[in-house]
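What follows is each chain in one-letter form.
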Amino acid sequence: MIRPIDMLRLALGIIMLPTALAWFLPDLLPWVRTATWAAPMSVRLMDSLDASGLLAVAKFIQLTGGLALLLNRAVPFALAAMAAVNVCGAFVAVLIEGAPLLGTMALGVLALNAVLMFAYLPAYHAMLAAGAIADGEEPEAGARFESLFVNP
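Overview of the structure.

## What about the layout of surface pockets?
Its boundaries defined by the atoms lining it, the largest pocket holds a volume of some 1,100 Å³. If you trace the largest pocket, you find 34 residues lining it, with Ala-35, Trp-37, Lys-59, Gln-62 and Leu-102 closest to the centre. Contributions of two or more residues to the lining of the largest pocket are made by helix H1 (4–24), helix H2 (40–52), helix H3 (54–71), helix H4 (75–97) and helix H5 (100–119). Sorting elements by how many residues they give to the lining of the largest pocket places H4 first, with nine residues. Considered class by class, the residues forming the lining of the largest pocket number 25 nonpolar, six polar and three charged.

What follows is the structure, encoded as structure tokens:
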């Protein structure tokens, strides 16, 4: 029997992978609809993101994240990486574009990502612990960020 968290993980992977593939290879998946932007600010923003190459980076993050979710590999990392992309997508869909259906779908994907991140919260424990030592830092005074750069 499949667990509910695994079903949500697979659902998010099934959403992310084809939408990213449809952007990279539109002729391969012609039935997958991508967002069409109508508001002038959204069109300008997406054209600028496309021209700068940042849209390709976001779609690559979606592609690899969706693949990782479907294969159940590095799921906490994939969720954290996709969270930033999904927040930006929800911002554009809800606040800039203002389309009700598109905004609802974007918020649904963002909520699904958040629920899965809470389900995998123990994997983020080391990063979220108070006084966590970053890579390259030492526990003694003078070798940590707080003692070097923060004036208490």
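## So, H1
A turn of α-helix holds 3.6 residues, and therefore any two residues three or four places apart point the same way. Its 21 residues place the ends of H1 31 Å apart at the C-alpha level, agreeing with the 30 Å of an ideal helix rising 1.5 Å per residue. Inspection of H1 places Asp-6, Arg-9, Leu-12, Gly-13, Met-16, Leu-17, Ala-20 and Ala-22 among the buried residues, and these make up the whole buried set. Lining the buried residues of H1 we find H3, H4 and H5.

## So, the pattern of salt bridges
For the structure on display, the rule yields two salt bridges. Put simply, Asp-6 and Arg-9 hold a salt bridge, and the shortest N to O gap is 3.5 Å. With Asp-6 and Arg-9 both in helix H1 and three residues apart, this pair spans about one turn of that helix. Comparing Asp-6 with Arg-9 shows no difference in burial state: the two are buried.

## Examining the nonpolar core
Nonpolar side chains tend toward joint burial in soluble globular proteins. One finds Leu-12, Met-16, Leu-69, Val-75, Leu-79, Met-82, Val-109, Leu-112, Leu-116, Tyr-120 and Tyr-124 forming the largest nonpolar core, which totals eleven residues. Listing elements by their share of this core, those giving two or more residues are H1, H4 and H5. When residues no more than four places from it in sequence are discounted, the contact partners of Met-16 are Gln-62, Gly-66, Met-82, Asn-86 and Val-109.

Procedures and definitions
- Residue numbering note: each chain is counted from 1, following its sequence as written.
- For this predicted model, a pLDDT threshold of at least 70 governs which residues receive local features, and a threshold of 80 or more governs which side-chain atom pairs are given and counted, while totals over whole chains, interfaces and linings are taken from all residues.
- Just so you know, side-chain values use all the structure's heavy atoms and leave hydrogens and water out.
- A cavity, in this analysis, means grid points on a 1 Å lattice covering only the protein atoms where a 1.4 Å probe fits yet has no way out; a pocket is instead an open set bounded by protein on both sides within 12 Å along at least five of seven lines, and a residue lines either one if it has an atom within 4 Å of a point.
- Grid points are joined across faces, edges and corners, and a volume is the space filled by probe spheres set on the points.
- Only runs of H or I of at least four residues qualify as helices and only runs of E of at least two qualify as strands under DSSP, and these elements are numbered from the N terminus.
- Each residue gets one of three labels, nonpolar for Ala, Val, Leu, Ile, Met, Phe, Trp, Tyr, Cys and Pro, charged for Asp, Glu, Lys and Arg, and polar for the others, Gly among them.
- The span one expects for a helix is its residue count, reduced by one, times 1.5 Å.
- A 1.4 Å probe rolled over the protein chains alone gives each residue an accessible area, and that area as a share of the maximum for its type sets the label: buried under 20%, exposed over 50%, partly exposed in between.
- A contact between two residues is defined here by any heavy atoms of the two lying within 4.5 Å.
- Take a side-chain nitrogen of Lys or Arg and a carboxyl oxygen of Asp or Glu: if they are within 4 Å of each other, that pair is a salt bridge.
- In plain words, nonpolar cores are sets of buried Ala, Val, Leu, Ile, Met, Phe, Trp, Tyr and Cys residues tied together by side-chain atoms within 4.5 Å.

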